[in-house]
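# Working through the structure, step by step
Here's the letter readout for the chains.
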Amino acid sequence: MAKTDLNLVVIFDAIMKEKSITAAADSLAMTQPSVSNAVSRMRHAWKDPLFVKDGRGIRPTPYASKLWKSVAEPLAQISHAIAPDYFDPLTSKASFRIGITDGSASIVWPELRHIIEQEAPNINIYAVPYKVDGELLLNNADVDLVFDYYDGTSNEIKSKTMYENHFVTVMRADHDLAEQALTLENYLKSEHLLVSLSGDICGIVDDKLAELDSKRRTAMTVNSFASAINLIKQTRLIITMPYPIIAEHLAAGDLVLKPVPLKLPSIKISLAWHSRNNHSQALKWLIGVLDRIIESKRHLFDFNLPHA
């Protein structure tokens, strides 16, 4: 390819990563008009609009998305070969976007911030709302990492299991069932709260109950675990949720845990990232930090309340 073509590919890669011509120009140390001119040349050379307006930003066309899947990894490999990535957390001003639910964030965010304040004071961490859409977020470079349940199948995405979420049923301490054994019968008669990230009113519990030709009443849904915990403390609702998320809220004594009267499978919580970032020393550092945090909280994840 001609030198000009390669320059266009590099600029194209930056725009795809940043999702902004202005931000791409900043990352490349170019002026915005220069990047805009390069986009015009790309459109002429590749015979596609490539980027269209989307609110205040831009989004790639299907052709651009397909093209990027082909060029992003080779570009990263070339860049690493020519100038191996150097990363010093103490001086870095990197920013990371992580797809995560508030439940998982409640477990790792405080300790992550503490480590950043001590070891990497200029690094920024941004939480991106997660709706079990990790493959899409990573393929589109909307996030650098996913930290939650990941069910993607793409060979371009790498993942590692961090821990398993075991489920418990939670209610307030003065609930009618607080002093009783939680049976399937009184479980089904209760009014249930569900944390639904997608807006669906059915979850893993409902799937398991359907196998038994049973059904519960989901009386209310919320889209965050923090809201759910607050609501459980003030109402007659009960909730079935992962133990690690509720564990640090138990000290006050206003909540009671019960074994779930169903054999629910645990849910694997994973770290996932796109292979285009395999050579990123910054990302490797962040993954290492998250590993340290999870290892320090291993007692939360090894807990398994027996079934009723």
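Everything discussed here concerns the structure shown above.
Model, not experiment: these values are computed from the prediction.

What counts and how
Residues numbered from 1 in each chain as written. Predicted model: local features only at pLDDT ≥ 70, side-chain atom pairs only at ≥ 80, totals over all residues. Heavy atoms only, no water. Helix = DSSP H or I, 4+ residues; strand = E, 2+ residues; numbered from the N terminus. Contact = heavy atoms within 4.5 Å. Expected span 1.5 Å × (residues − 1). Buried < 20%, exposed > 50% of the residue type's maximum accessible area, 1.4 Å probe, protein only. Arc of directions from axis to C-beta. Pairing = 2+ DSSP bridges. Axes fitted to C-alpha atoms, helices over the stretch in contact; angles between N-to-C directions. Parallel < 35°, antiparallel > 145°, perpendicular 65-115°, else oblique. Left-handed = near helix turned anticlockwise from the far one by under 90°. Salt bridge = Lys/Arg side-chain N within 4 Å of Asp/Glu carboxyl O.

### Observations regarding the environment of P60
- Along the chain, P60 turns up in strand β2 (residues 57-60).
- Spatially, the C-alpha atoms of P60 and I15 are 9.3 Å apart, while their sequence positions differ by 45 residues.
- The residues contacting P60, other than those within four sequence positions of it, are M16, L50, F51 and S65.

### Some details on helix α3 (residues 32-46)
- A rise of 1.5 Å per residue sets the reference length of α3, with its 15 residues, at 21 Å; its end C-alpha atoms lie 21 Å apart and thus fit the reference within 8%.
- Residues of α3 that are buried: V35, A38, V39, M42 and W46. On an axial view of α3, the arc spanned by its buried residues comes to 105°, and they lie on one face. Exposed and oriented more than 90 degrees from the buried face of α3 are P33 and H44.
- Looking one or two residues past α3, K47 carries a phi angle of roughly 55°, positive in sign.

### Brief notes about the pairing of strand β5 (residues 145-148)
- The side-chain alternation of β5 yields two buried faces, one formed by L145 and F147 and the other by V146 and D148.
- Two elements, strand β3 (residues 95-100) and β5, share two bridges in a ladder whose sense is parallel. Counterpart to G99 in the pairing with β5 is V146.
- The sheet contact formed by β5 and strand β12 (residues 267-274) spans three bridges and is antiparallel. Its bridge partner lying in β12, F147 is registered against L271.

### Focus on the packing of helix α2 (residues 21-28) against α3
- Packing of α2 against α3 brings their axes to within 9 Å, and their N-to-C directions diverge by 110°. Judged on the interaxial angle alone, α3 and α2 are roughly perpendicular. Where α2 crosses over α3, the handedness of that crossing is right-handed. Residue-level inspection shows I21, T22 and A25 of α2 in contact with α3, the latter providing Q32, V35, S36 and V39.

### Thoughts on the sheet that holds β12
- Pairing in this open sheet of five strands is mixed, and the strands run β4-β3-β5-β12-β6 from one edge to the other. Both edges of this open sheet fall to β4 (124-129) and β6 (157-165), since each of them pairs with a single strand only. Put simply, the sheet's adjacent strands are angled 25° from each other on average, direction ignored.
- Against the sheet, helix α5 (residues 102-119) engages β3, β4, β5 and β6, with an angle of about 155° to β3.

### As for the pairing of strand β7 (residues 167-172)
- Of all six residues making up β7, five are buried, and the element is well covered by its neighbours.
- As defined by bridge partners, β7 adjoins strand β11 (residues 255-258) across four bridges and the pair is classed as antiparallel. Looking at the pairing, T169 lines up with K258 of β11.

### A look at the pattern of salt bridges
- Under the definition given, this model contains 15 salt bridges.
- Across the pair E185 and K189 runs a salt bridge, and its minimum N-O distance is 3.3 Å. With E185 and K189 both in helix α7 (residues 184-189) and four residues apart, this pair spans about one turn of that helix.
- For K189, a relative accessible area of 64% translates into the label exposed.
- Residues E191 and R217 are paired through a salt bridge, measuring 2.7 Å at the closest nitrogen-oxygen approach. Here R217 lies in strand β9 (residues 217-222) and E191 lies in strand β8 (residues 191-195), a separation of 26 residues in the sequence.
- On the basis of relative accessible area, E191 is assigned to the partly exposed category, the value being 24%.
- Overlapping salt bridges bring together E191, R217 and R236 as one network.

### A look at helix α11 (residues 281-296)
- For α11, built from 16 residues, the straight-helix expectation of 22 Å at 1.5 Å per residue is met to within 8% by its first-to-last C-alpha distance of 23 Å.
- When α11 is considered as a whole, its buried residues turn out to be A282, L283, W285, L286, I287, V289, L290, I293 and I294.

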